[in-house]
Amino acid sequence: MNADQAGSDWLTTALAEVTRDPDSITRAFAFAARRVGRAPRQPDADPSGVVHGTVDDAARAALVVALADAVGTGPDCADRLASLYRQGDAAERRGVLRGLDALTQRGSLGDGDAAALVAAGLDLAADALRTNDPSLVAAAVGPFGARYLDQHTWRHAVLKLVFQGVSLDAVSDLDARADAELDRMARDFAAERRAAGREVPTDLDRLTARPSTTRE
């Protein structure tokens, strides 16, 4: 059996175990990278795995979905994910954020029962955005961040990625959320770089010439 198959088999078993015993997610989260590996999901476009995530990110995201299926998307799930994030290392924290992305894409956070989970997710995303870890910042601006982050926080997250040299391909719904204020901020940042004799990141071009309306 090759490593990929062994990792896939482990994940299948771990998902079933979380369904039977939600508490088992703690151990599964800790062991995920050893079982499935840490390779980038899109090695050609994103060899570091920062932009599109890693194999263990995806495994942990699947575990989060299994947890939500097992316990629902109410306060219990919110508490469990907050605990996984707070007690985890950077990779495990990314896994929680990617899991929130997966739940968002599946439409699992759209009803009132998920209000506590959304609130917890926003707290975790805010924590990630305060770090200097590009992989955490990138994970915080995925589908969950695109759907739930307020515009002020989202704008600064986007510019932080540019400052860190991370491709804006990491940002979900960039074109839909970019606005005139982000355009202004990007131009100011570019002017500051030029005045300091520093290179202007090419991704700043993606943030200019936006619609004239400014979001709140």
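Worth saying up front: this structure is predicted, and the values here are computed from it rather than measured.

Visitor: Before we move on, can you summarise the packing of aromatic side chains with the specific residues and values?
Guide: Counted according to the given criterion, the structure contains 2 aromatic pairs. Ring geometry for Phe144 versus Tyr148: centroids 5.0 Å apart, planes at 40 degrees, classification tilted. Linking Phe144 with Tyr148, this pair stays in helix 8 (residues 143-148), spanning 4 residues, or about one helical turn. For the residue pair Phe144 and Tyr148, the accessibility class agrees, reading buried in each case. The ring centre of Phe31 lies 4.4 Å from the NZ or CZ of Arg34, which sits over that ring. Residue placement shows Arg60 over the ring face of Phe29; its charged tip is 5.9 Å from the ring centre.

Visitor: If you had to explain the pattern of salt bridges to someone new, which residues and values would you point to?
Guide: Applying the stated criterion to the full structure yields 16 salt bridges. For the salt bridge of Arg80 with Asp23, the shortest nitrogen-to-oxygen distance reads 2.8 Å. Taken together, the positions of Arg80 in helix 4 (residues 75-87) and Asp23 in the loop between helix 1 (3-20) and helix 2 (25-36) put the pair 57 residues apart, joining distant regions of the chain. Accessibility expressed as a relative area gives 22% for Arg80, which makes it partly exposed. Arg60 is paired through a salt bridge with Asp56; the nearest N and O atoms lie 2.9 Å apart. One end of the pair, Arg60, and the other, Asp56, are both in helix 3 (residues 55-71), 4 residues apart, so they sit about a helical turn from each other. For the pair Arg60 and Asp56, a shared accessibility class is recorded, and that class is buried. Each of Arg86, Arg93, Asp127 and Arg130 takes part in one network of salt bridges that share partners.

What counts, and where the lines are drawn
- Starting afresh in each chain, residues are numbered from 1 along the sequence in its written order.
- Two thresholds apply to this predicted model, a pLDDT of at least 70 for residue-level local features and 80 or more for giving and counting side-chain atom pairs, whereas whole-chain, interface and lining totals are computed over all residues.
- Based on all heavy atoms of the structure, the side-chain values leave hydrogens and waters out of the count.
- Stacked, tilted and edge-to-face are the three classes applied to pairs of Phe, Tyr and Trp rings, where Trp contributes its six-membered ring and a pair requires centres within 6.5 Å; stacked means planes under 30 degrees apart, edge-to-face means over 60, and tilted covers the rest.
- Numbering goes from the N terminus for both helices and strands, where a helix is a DSSP run of H or I of at least four residues and a strand is a run of E of at least two.
- A simple rule labels every residue: compare its accessible area, found with a 1.4 Å probe on the protein chains alone, to the largest value its type can have, and call it buried under 20%, exposed over 50%, or partly exposed in between.
- Over a ring means this: the NZ of a Lys or the CZ of an Arg is within 6 Å of the ring centre and within 35 degrees of the ring normal.
- Whenever Lys or Arg places a side-chain nitrogen within 4 Å of a carboxyl oxygen from Asp or Glu, that contact is recorded as a salt bridge.

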